[in-house]
Amino acid sequence: MKIVVTNASMVNPGDLSWEPFEKFGELTVYNEGTRDKDELIRRASDADLLIAGAGDVPKGLIEACP
């Protein structure tokens, strides 16, 4: 399973470890968010599980990912 965090600084203030998620699959953490829809699609395109902060999932993102 591929787990992607699109904006870690939004959902984790820095005092929590992402390590527990690694037992469920391959983890990719992007510390800085982006408002660029194409970049978000690139980050999320092969994710099985997407962890995103409020406002990080623009309309059409999920549909644009395979």
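Each remark here, short or long, concerns the structure printed above.
Everything quoted here is computed from the prediction, not taken from an experiment.

Caption draft 1: Structural view of the pattern of salt bridges. Across all of its chains, the model carries three salt bridges by this definition. For the salt bridge of Asp46 with Lys2, the shortest nitrogen-to-oxygen distance reads 3.3 Å. With a gap of 44 residues between them, Asp46 in the loop between helix H2 (37-44) and strand E3 (49-51) and Lys2 in strand E1 (residues 2-5) connect regions that are remote in the sequence. With relative accessibility at 45%, the residue Asp46 sits in the partly exposed group. With a relative accessible area of 15%, Lys2 lands in the buried category.

Caption draft 2: Summary view of the packing of aromatic side chains. Using the criterion set out here, one finds one aromatic pair in the structure. Where Trp18 meets Phe21, the ring centres are 5.6 Å apart and the plane angle is 45°; that geometry is what we call tilted. Residue Trp18 is classed as buried on the basis of its relative accessible area of 17%. Here Arg43 stacks its cationic end above the ring of Tyr30, 4.3 Å away from the centre of that ring.

Conventions adopted
Residues numbered from 1 in each chain as written. Predicted model: local features only at pLDDT ≥ 70, side-chain atom pairs only at ≥ 80, totals over all residues. Heavy atoms only, no water. Salt bridge = Lys/Arg side-chain N within 4 Å of Asp/Glu carboxyl O. Helix = DSSP H or I, 4+ residues; strand = E, 2+ residues; numbered from the N terminus. Buried < 20%, exposed > 50% of the residue type's maximum accessible area, 1.4 Å probe, protein only. Phe/Tyr/Trp six-rings, centres within 6.5 Å; stacked < 30°, edge-to-face > 60°. Lys NZ or Arg CZ within 6 Å of the ring centre and 35° of its normal.

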